[in-house]
Structures are given as structure tokens and as C-alpha cells.
Amino acid sequence: EAGVAQSPRYKIIEKRQSVAFWCNPISGHATLYWYQQILGQGPKLLIQFQNNGVVDDSQLPKDRFSAERLKGVDSTLKIQPAKLEDSAVYLCASSFSSGRGYSYNEQFFGPGTRLTVL
Amino acid sequence: GQQVMQIPQYQHVQEGEDFTTYCNSSTTLSNIQWYKQRPGGHPVFLIQLVKSGEVKKQKRLTFQFGEAKKNSSLHITATQTTDVGTYFCAGHGSGGGADGLTFGKGTHLIIQP
């Protein structure tokens, strides 16, 4: 079974530039998550999708971050404009949904995109 | 908001010694999940606990969920070099809504051969 795919694996940008990350979840997983993991810390949930709808985006800095999952499969996360403090690993994860509108099942993580903002 | 704290932040052990990490939540949890992240890798799911007082074992790993569903622990017996990594606990709140998973900061396990 193929895992969660993410690209690019690494990205270096200047502050104030924009950047986009892509994620393709495990086939059949309705729930998709984007996390930000700053060095030495645990993953922080940015946004959670159930199919193509947003379930939780309470910790997403909406003035600069946006995410979409238009067809309910793959997803993109964008940062515009980037700040120095956005340097982190951006992890995408997916889980099988029990159909209740949210998922408490195990999450499968992709390899992440390491973003460096200079 | 919900906070999940883990201690210790770092743990150095000799190979063969036991290791324990503790997780505490500021609020009652619906469940607790444990993940392991190897250096340079991504988090990998280990186990989920749901019931108050639940204890689960996976070979040398023992996981516990507190009676009040606000704390948890992971104990590794006789550590091996393959156990190196960061162990995270993560939980969902008990509000019944679609709140996301909150991770602790993790415990970094360093093993000296």
C-alpha cells in the first residue's frame, strides 16, 4: 500500500516570498491533516479536512496560510508571504474516517517538507 | 486551549536499561495516541488508548491511560539501540466535536551502547 506522498521534500525561500506544498493521502482516507513541526517540538495541527470540507482550522494563521482540498483527495498548503518563523517541517497526514464527520483513528504521516525561510 | 505536556524532554539510558515517559493533559481526553519519530523521519503511530485505566502492551512497550483520562505513560523494558527516537503522546479533547489531535513536545530517547 502506498503511503502519504508529499512534495517537495525541501524548499528554501526568502522571507516575503510565497511557497506551496502538495500532499496526496493514502487512497480511501477521507481525513487529511496539515501539521507544522518546528525543530525540537511536537507537530502542531494547522488544518484538518474531511473529504473536501474543513473540519478544524483554528490554529491556521489565516492572514498568510491557506489550504485547499478541492476534489477531496490531494491537498495544497500555501504560505504567502513567508516569515522567518515559518521555518519548519510541514507534515501531511491522513486517516480512515469512520463516517462520523471526524476521525479518531491512527494517522499516517508523509515524509514532510522541510522549509527554510532566509 | 488544550495543552499536552511530556516529561522528561530528554532521557539518556544505557542499552538494556528501562525507560519511561509521562504525558499530562490540562483537560480530559477522549483518547491518547503514541507516536515514535526516528531522527530525520516522520511520526509513526504506535498505539491508541481509549478507556479509563487502560493498559496495553506491545512486546517490550507498555502503555497506560490514567483513570481520569488526563495522563498517560509509555514504559520500555530493556531498551535496545533500535528504540532511539522521539516519543510523542497526542490526544483529542473530550468535547465531542471535531477537535484535532494535540501533540506533546515529545521525549527524546538517547541510548548509549
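The structure presented is a predicted model; accordingly, all values stated were derived computationally and were not measured. (Residues numbered from 1 in each chain as written. Chains lettered and ligands numbered in written order. Predicted model: local features only at pLDDT ≥ 70, side-chain atom pairs only at ≥ 80, totals over all residues. Heavy atoms only, no water.)

1. Let's talk about the overall build of chain A
Cut-off, in case you're wondering: Note on conventions: DSSP H or I runs of at least 4 residues are helices, E runs of at least 2 residues are strands, and numbering of each starts at the N terminus. Using a 1.4 Å probe on the protein chains alone, a residue whose accessible area is under 20% of its type maximum counts as buried, one over 50% counts as exposed, and one in between counts as partly exposed. Here a residue-residue contact requires only that any non-hydrogen atoms of the pair lie within 4.5 Å. Residues scored as positive are Lys and Arg, those scored as negative are Asp and Glu, and His as well as the terminal groups of each chain are ignored. Charge positions are represented by NZ for Lys, CZ for Arg, CG for Asp and CD for Glu.
For chain A, the helix and strand inventory stands at zero helices and eleven strands. Across chain A, helices and strands are ordered from the amino to the carboxyl terminus as β-β-β-β-β-β-β-β-β-β-β. On the principal axes, the C-alpha backbone points of chain A span a range of 40 × 30 × 25 Å. The burial tally for chain A puts 47% of its 118 residues in the buried class. Long-range contacts, defined here as pairs at least 24 residues apart, represent 55% of the contacts in chain A between residues at least 6 apart. Positive and negative side-chain charges in chain A, numbering 13 and 10 respectively, have mean positions lying 4 Å apart.

2. Topic: the pairing of strand E4 (residues 29–37) of chain B
All names here are of chain B. Note the cut-off: Two strands qualify as a pair provided DSSP detects at least 2 bridges between them.
Most of E4 is tucked away: nine of the nine residues are buried. Pairing of E4 with strand E9 (residues 85–93), which is carried by eight bridges, proceeds in the antiparallel orientation. Bridge pairing in E9 places Lys36 opposite Tyr87. Both E4 and strand E5 (residues 44–49) contribute to a ladder of five bridges, which runs antiparallel.

3. Comments concerning the sheet that holds strand E7 (residues 65–68) of chain A
Residues and elements named next belong to chain A. Going by this rule: For helices, the fitted line uses only the C-alpha atoms of the stretch in contact; every axis is such a line through C-alpha atoms, and the angle between N-to-C directions lies from 0 to 180 degrees.
Ordered by their spatial adjacency, four strands build an open sheet running E1-E3-E8-E7, and the pairing between neighbours is antiparallel. Taken across any chain shown, the strands that pair with only one partner, and hence form the sheet edges, are strand E1 (5–7) and E7. The mean inter-strand angle of the sheet, taken between neighbouring strand axes irrespective of direction, is 15°. Sheet topology places E7 next to strand E8 (residues 75–79); four bridges connect them, and they run antiparallel. Residue pairing in the sheet places Ser66 in a bridge with Lys78 of E8.

4. Regarding the environment of Ala88 of chain A
All names here are of chain A. Its location among the elements puts Ala88 in strand E9 (residues 88–95). Under the relative-accessibility criterion, Ala88 is labelled buried at 7%. Along the primary structure Ala88 and Leu115 are separated by 27 residues, whereas in three dimensions their C-alpha atoms are 5.5 Å apart. Aside from chain neighbours lying at most four places away, what touches Ala88 is Gln36, Gln37, Ile38, Thr113, Arg114 and Leu115.

5. Some points on the nonpolar core
Let me state the cut-off plainly: Working definition of a nonpolar core: buried Ala, Val, Leu, Ile, Met, Phe, Trp, Tyr and Cys residues. They are joined through side-chain atoms within 4.5 Å.
Among the nonpolar cores identified, the biggest contains 21 residues, and Phe21, Trp34, Leu77, Ile79, Tyr90 and Leu115 of chain A are the most heavily contacted of them. Secondary structure elements with two or more residues in this core: strand E3 (19–24), strand E4 (31–37), strand E5 (44–50), E8, E9 and strand E11 (113–117) of chain A. Here Leu115 of chain A is in contact with Lys11, Ile13, Val19, Phe21, Ile79, Asp86, Ser87, Ala88 and Tyr90 of chain A, once residues within four sequence places are set aside. Residues Val4, Ile47, Leu109 and Ile111 of chain B belong to the second largest nonpolar core, which totals 19 residues.

6. Focus on unusual backbone geometry
Most of the time, phi is negative for any residue but glycine, and the peptide bond is trans. Of note, the amide linkage connecting Ser7 of chain A to Pro8 of chain A takes the cis form, showing an omega dihedral of -10°. Mapped onto the fold, Pro8 of chain A is located in the loop between E1 and strand E2 (10–13). Notably, Lys59 of chain B is not glycine yet its phi reads approximately 55°, a positive angle. The exposure class of Lys59 of chain B is exposed, given its relative accessible area of 88%. Phi is positive for Ala78 of chain B, close to 50°, though the residue is something other than glycine. Mapped onto the secondary structure, Ala78 of chain B falls in the loop between strand E8 (71–76) and E9.

The values are spatial; any link to function lies outside them.
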